[in-house]
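Fold and contact review
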Amino acid sequence: LDDHYLGALSKAERQTYRGTNYARAGDGEFFASGRVFATHEEVKSHIKRQHYLESLYASAKAEAFDLETAMRDPASVFKTPQALMASSLTPHLKLEILKRWAYDEKTLELAETEGMRGSGSREWLQDITFAIRKLEASL
């Protein structure tokens, strides 16, 4: 794909968005980061998302914790939503983690209403929801 889209295309068909190169093929497709996109908006959206994720990882690295673990199991890294909010992470990273935490808590709550035993503490859901609203209002 790289050869087809980037190697064989003229310089006029190569473009840069936010420091990332992408190419437009004659058939209207776009190519960036090893992926093909149908529209110009899709390739730009993909590039924006990549930059956003890179900023999240940089924030986590500065805080010296494993972002993958925090995203997968927020409660294992931050014992309470208040601990997460008190951290020096960026508001965007806090919001990402809180949204995943809320999803986990809602899933456990649903499982419990269906007769399954949950092991989590859904008492945090209200605190998480409040923190999400607070962060969204400030962004």
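One structure accompanies this document, and this report is about it. Computed from a prediction, not measured in an experiment: that's the story for all the values here. (Residues numbered from 1 in each chain as written. Predicted model: local features only at pLDDT ≥ 70, side-chain atom pairs only at ≥ 80, totals over all residues. Heavy atoms only, no water.)

Structural notes on the environment of Lys48
Worth spelling out the cut-off: Secondary structure is summarised from DSSP: a helix means a run of H or I of at least four residues, a strand means a run of E of at least two, and numbering begins at the N terminus for each. Should any heavy atoms of two residues lie within 4.5 Å, those residues are considered in contact.
Positionally, Lys48 belongs in helix H2 (residues 40-63). C-alpha separation for the pair Lys48 and Tyr17, spaced 31 residues apart in sequence, amounts to 8.7 Å. Those residues in contact with Lys48 that lie beyond four places of it in its chain are Tyr17 and Arg18.

Regarding the nonpolar core
For soluble globular proteins, the rule of thumb is that nonpolar side chains tend to be buried together. What counts is decided by this rule: What is meant by a nonpolar core is a set of buried Ala, Val, Leu, Ile, Met, Phe, Trp, Tyr and Cys residues, joined one to another through side-chain atoms within 4.5 Å. Burial status follows relative accessibility: with a 1.4 Å probe on protein chains alone, a residue under 20% of its type maximum counts as buried, one over 50% as exposed, and anything between as partly exposed.
Residues Phe65, Phe78, Leu93, Ile97 and Leu98 are the most contacted members of the largest nonpolar core, which totals 21 residues. At the level of elements, H2, helix H3 (67-72), helix H6 (91-113) and helix H7 (124-138) are the ones that each hand at least two residues to this core. Ignoring anything within four residues of it in the chain, the contact list for Phe65 reads Ala60, Ala70, Val77, Phe78, Leu89, Leu93 and Ile97. Tyr17, Tyr22, Ala32 and Phe37 belong to the second largest nonpolar core, which has seven residues in total.

Quick notes on the sheet that holds strand S1 (residues 14-17)
Definition in use: Strand pairing is assigned whenever DSSP detects at least two bridges linking the two strands. All axes are obtained by fitting lines to C-alpha atoms, using only the stretch in contact for helices, and the reported angles, taken between N-to-C directions, cover 0 to 180 degrees.
The four strands are arranged S1-S2-S3-S4 in an open sheet whose pairing can be described as antiparallel. One side of each edge strand has no neighbouring strand; the edge strands of this open sheet are S1 and strand S4 (35-37). Pairwise comparison of adjacent strand axes, ignoring direction, gives a mean angle of 30 degrees for this sheet. In terms of strand pairing, strand S2 (residues 20-24) meets strand S3 (residues 30-32) through two bridges, oriented antiparallel. Looking across to S3, one finds that Ala23 is bridged to Phe31.

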